[in-house]
Amino acid sequence: MATTLTNEPQGKRQSKKATASGWIGSALEYYDFFIYATAAALIFPQIFFPKGDPQIAIIASLATYGVGYVARPIGAVLLGHWGDTHGRKHVLIVCMFLMGFSTVAVGLLPTYDQVGLWAPALLVLMRLIQGFAVAGEISGASSMILEHAPFGRRGFFASFTLQGVQAGQIMAAAVFLPLAHYMPTEQFNSWGWRIPFLLSFIVIVAGYIIRREVDETPAFAEVDKGGKVQKAPVIQAVTESWGDMLRVLLCSLMNVIPVVATIFGAAYAVQPGYGIRFEKDVYLWIPVLGNIVAVIVIPFVGNLSDKIGRRIPIVVGALGSGLLSFGYLYAISIHNVPLAIVMSLLMWGVVYQGYNAVFPSFYPEMFPTRTRVSGMAISQNVGTAITAMLPALFVAVAPPGAANIPLTVGSIALGICAIAAVSAWSARETSRVQMNDLGNPNAVPVPEAEYLRLRALAMDVAPKDPERAHA
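Here the structure is a predicted model, which is why all the values come from computation and not from measurement. (Residues numbered from 1 in each chain as written. Predicted model: local features only at pLDDT ≥ 70, side-chain atom pairs only at ≥ 80, totals over all residues. Heavy atoms only, no water.)

*Asks:* What should I look at first to understand the overall build of the protein in this one?
*Replies:* From N to C terminus, the protein includes 26 helices and zero strands. What you see for the protein is a C-alpha radius of gyration of 22 Å, in line with the 23 Å of a compact globule of 471 residues. Projected onto its principal axes, the C-alpha positions of the protein cover 70 × 40 × 40 Å. When the 471 residues of the protein are sorted by exposure, 59% land in the buried category. (Helix = DSSP H or I, 4+ residues; strand = E, 2+ residues; numbered from the N terminus. Rg over C-alpha atoms; globule rule 2.2 N^0.38 Å. Buried < 20%, exposed > 50% of the residue type's maximum accessible area, 1.4 Å probe, protein only.)

Structure representation (structure tokens):
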């Protein structure tokens, strides 16, 4: 039986090499991004800001974390344009260099005691560059993997983008563990915290070596060869796909869950002002363990989205993790370390991955090849920028000494997750739509039976075996 893939781009696909490049590149780049997040919660309030009211210092430090997200829409416009006009490969290399150099610079900054207000000013500048750089990473890597992936397996392969991101977060937290545990507090606060940032020089070298080996995607090459590359893909994306850009923006508000899990949760558990006083090295194990579980779960959920579609896992992941945020914060509030770990594993490690593992295929499938990176990058980064100030907002509405902190913060988190779930459900299902038809609201999906047969072929499974064809 002949295949029905008449609207798939022709050319050499490097599914495994592209996936490995996306995974390793995302892991290295998000290691950079999240070591800042960890340090902003654990150490920056004490060394980069005036000593005085601990609440103000915590809010200021977490606000600098948010500044990185504020820069992301700007980076999304420029880097999205670059990715849609020069190709996925080139934009990912640019992102890597910008991120690596700005992160190393953070490790070299003087403290507030040394240079006064120049310290937080320089910290904000480096965070702006980090945010600009990371804006093109997930959209570029997701698009590259998606466009190299075989039909019927796009959800599985694209999920490795986020598996790399979670691995980067594991490295970001884990690199602090031996330092926080074995170094005297005075030495850690003085220079030990700088080590993870300076190690980012490895990112620059390793990232370039890895990403230069991958060819441009057949889908982009086809658009480029046909003279269909847009001169202004950003404008084209907004005028043609504004509804889907709005959906991606609202779905991206799901960033509230990692904010609760790793940013506000860390400040709530560790900062003296809240009085809970988790040990820093003990608390650092919570996101590490949650992300280890996530790394295991992600490819299974990505594969599931190829079987049942993208929307159901996202909706379940959004509502479920929003509900579990109450239990996670409550466990911290009663200083119950085992319960906090269990709730983190459920909320962050398992349920949230219904969204996290699927959006790397769900988002870029909403857009045509010629505007894919721009459409996804801009809308996703605007959405995450909105959530960027949530850590400071949470501290403002639930400051040290406030009552019912888990209920207050959990209610906000659940409300935001519900908005994301409704937005995801309003989108069209794209898992059975061929590559060249993506972004077309009138595209006809491949019939389910034929899709399963083609998917089985892509998995090197004999289509005559119906049980394995549904794997």
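*Asks:* Explain helix H18 (residues 311-333) here, please?
*Replies:* Helical geometry: 3.6 residues make up each α-helical turn, so side chains three or four residues apart lie on a common side. With 23 residues, H18 should cover 33 Å at 1.5 Å per step; its first-to-last C-alpha distance of 34 Å lies within 8% of that length. The principal kink in H18, of about 25°, is found at Leu 324. Two residues or fewer after H18 comes His 335, characterised by a positive phi angle close to 55°. (Expected span 1.5 Å × (residues − 1). Bend = angle between axes of the 7 residues up to and from the residue.)

*Asks:* I'm lost on the pattern of salt bridges in this one. Help?
*Replies:* Between side chains of opposite charge, pairing is possible as soon as their charged atoms come close. Enumeration according to the criterion identifies 13 salt bridges in this entry. The partner of Glu 147 in a salt bridge is Arg 88, and the shortest N-O contact between them spans 2.7 Å. Here Glu 147 is found in helix H8 (residues 137-148), whereas its partner Arg 88 is found in helix H5 (residues 88-106), with 59 residues between them in sequence. Here Arg 370 ties to Glu 240 by a salt bridge, and the two come within 2.7 Å at their closest N and O atoms. Here the residue Arg 370 occupies a position in the loop between helix H21 (359-362) and helix H22 (372-388), and Glu 240 occupies one in helix H15 (residues 233-251), the gap between them amounting to 130 residues. (Salt bridge = Lys/Arg side-chain N within 4 Å of Asp/Glu carboxyl O.)

*Asks:* Please clarify how the nonpolar core should be interpreted in this entry.
*Replies:* For soluble globular proteins, nonpolar side chains are generally found buried alongside one another. Counting 111 residues, the largest nonpolar core has Phe 44 and Trp 193 as its most contacted members. The biggest single contributor to this core is helix H1 (residues 15-42), with 12 residues. In this structure, Trp 193 is in contact with Ile 43, Phe 44, Ile 47, Phe 48, Val 106, Phe 176 and Phe 188, ignoring residues within four places of it in sequence. If you look at the next biggest cluster of nonpolar residues, it comprises eight residues, including Leu 79, Leu 92, Cys 95 and Val 214. (Core = buried A, V, L, I, M, F, W, Y, C linked by side-chain atoms within 4.5 Å. Contact = heavy atoms within 4.5 Å.)

*Asks:* Looking at this structure, I do not really get empty space enclosed by the protein. What am I missing?
*Replies:* Empty space among the atoms becomes apparent when a probe as large as a water molecule is rolled across them. Evaluated as defined, the whole model comprises two cavities of 30 Å³ or more. Ile 138, Asn 255, Pro 258, Tyr 352 and Asn 356 are the residues nearest the centre of the largest cavity, which is lined by 23 residues in total. Sorting the residues of the lining of the largest cavity by element identifies H1, helix H3 (54-70), helix H9 (154-174), helix H16 (256-270), helix H20 (353-356) and H22 as the ones contributing at least two each. Among the residues forming the lining of the largest cavity, the class breakdown is 14 nonpolar, eight polar and one charged. In this structure, the second largest cavity encloses a volume near 130 Å³. As for the second largest cavity, its lining consists of 13 residues, of which Phe 34, Thr 38, Ala 173, Thr 262 and Pro 287 are closest to the centre. Sorting the residues of the lining of the second largest cavity by element identifies H1, H9, H16 and helix H17 (280-308) as the ones contributing at least two each. Among the elements that line the lining of the second largest cavity, the one with the most residues is H1, at five residues. (1 Å grid on protein atoms, 1.4 Å probe; cavity = no way out; pocket = protein on both sides within 12 Å on 5 of 7 lines; lining within 4 Å. Points joined across faces, edges and corners; volume = space filled by probe spheres on them. Nonpolar A, V, L, I, M, F, W, Y, C, P; charged D, E, K, R; others polar.)

*Asks:* Help me out: how do you make sense of the packing of aromatic side chains in this one?
*Replies:* Each pair of aromatic rings is reported with the distance of its centres and the angle of its planes. Summed over all chains, the structure comprises 14 aromatic pairs. Aromatic pair Phe 264 and Phe 394: ring centres 5.5 Å apart, planes at 75°, arrangement edge-to-face. Of this pair, Phe 264 sits in helix H16 while Phe 394 sits in helix H23 (residues 390-397); the two residues are 130 residues apart in sequence, bridging distant segments of the chain. Looking at Phe 264, the relative accessible area reads 0%, which means it is buried. The class for Phe 394 is buried, based on a relative accessible area of 0%. Look at Phe 362 and Tyr 363: their rings are 6.1 Å apart centre to centre, the planes differ by 45°, and that puts the pair in the tilted class. A relative accessible area of 0% means that Phe 362 is categorised as buried. Classification of Tyr 363 by relative accessible area gives buried; the value is 0%. The rings of Trp 348, Tyr 352, Tyr 355, Phe 359, Phe 362 and Tyr 363 are connected pair by pair, giving a single aromatic cluster. The ring of Trp 425 carries the charged tip of Arg 311 above its face, separated from the ring centre by 4.2 Å. (Phe/Tyr/Trp six-rings, centres within 6.5 Å; stacked < 30°, edge-to-face > 60°. Lys NZ or Arg CZ within 6 Å of the ring centre and 35° of its normal.)

*Asks:* Got a minute to help me understand the packing of H5 against helix H7 (residues 118-134) in this structure?
*Replies:* Relative orientation and spacing of two packed helices are given, respectively, by the angle between their axes and the distance between those axes. It is at 8 Å that the axes of H5 and H7 come closest, and there the two elements cross at 160°. One finds that H5 runs roughly antiparallel with respect to H7. For the element pair H5 and H7, the recorded crossing hand is left-handed. Here Cys 95, Leu 98, Met 99, Ser 102, Thr 103, Ala 105 and Val 106 of H5 come into contact with H7, specifically with Leu 123, Met 126, Ile 129, Gln 130, Phe 132, Ala 133 and Val 134. (Axes fitted to C-alpha atoms, helices over the stretch in contact; angles between N-to-C directions. Parallel < 35°, antiparallel > 145°, perpendicular 65-115°, else oblique. Left-handed = near helix turned anticlockwise from the far one by under 90°.)

*Asks:* Just checking my understanding: could you explain the side chain of Ser 431 for this structure?
*Replies:* Note that Ser 431 resides in the loop between helix H24 (405-425) and helix H25 (448-458). Those residues in contact with Ser 431, other than ones at most four positions away along the chain, are Phe 151, Arg 154, Ser 305, Gly 309, Arg 310, Glu 365 and Tyr 451.

*Asks:* Would you take a moment to explain the layout of surface pockets for this structure?
*Replies:* By volume, the largest pocket amounts to about 350 Å³. In terms of residue class, the lining of the largest pocket is built from seven nonpolar, four polar and four charged. Roughly 290 Å³ of volume is contained in the second largest pocket. Along the wall of the second largest pocket there are 15 residues; nearest its centre are Val 223, Pro 368, Thr 369, Arg 370 and Asn 436. Residue assignment for the lining of the second largest pocket shows that the elements contributing at least two residues are helix H14 (218-225) and H15. Top element by residues in the lining of the second largest pocket is H14. It accounts for three residues.

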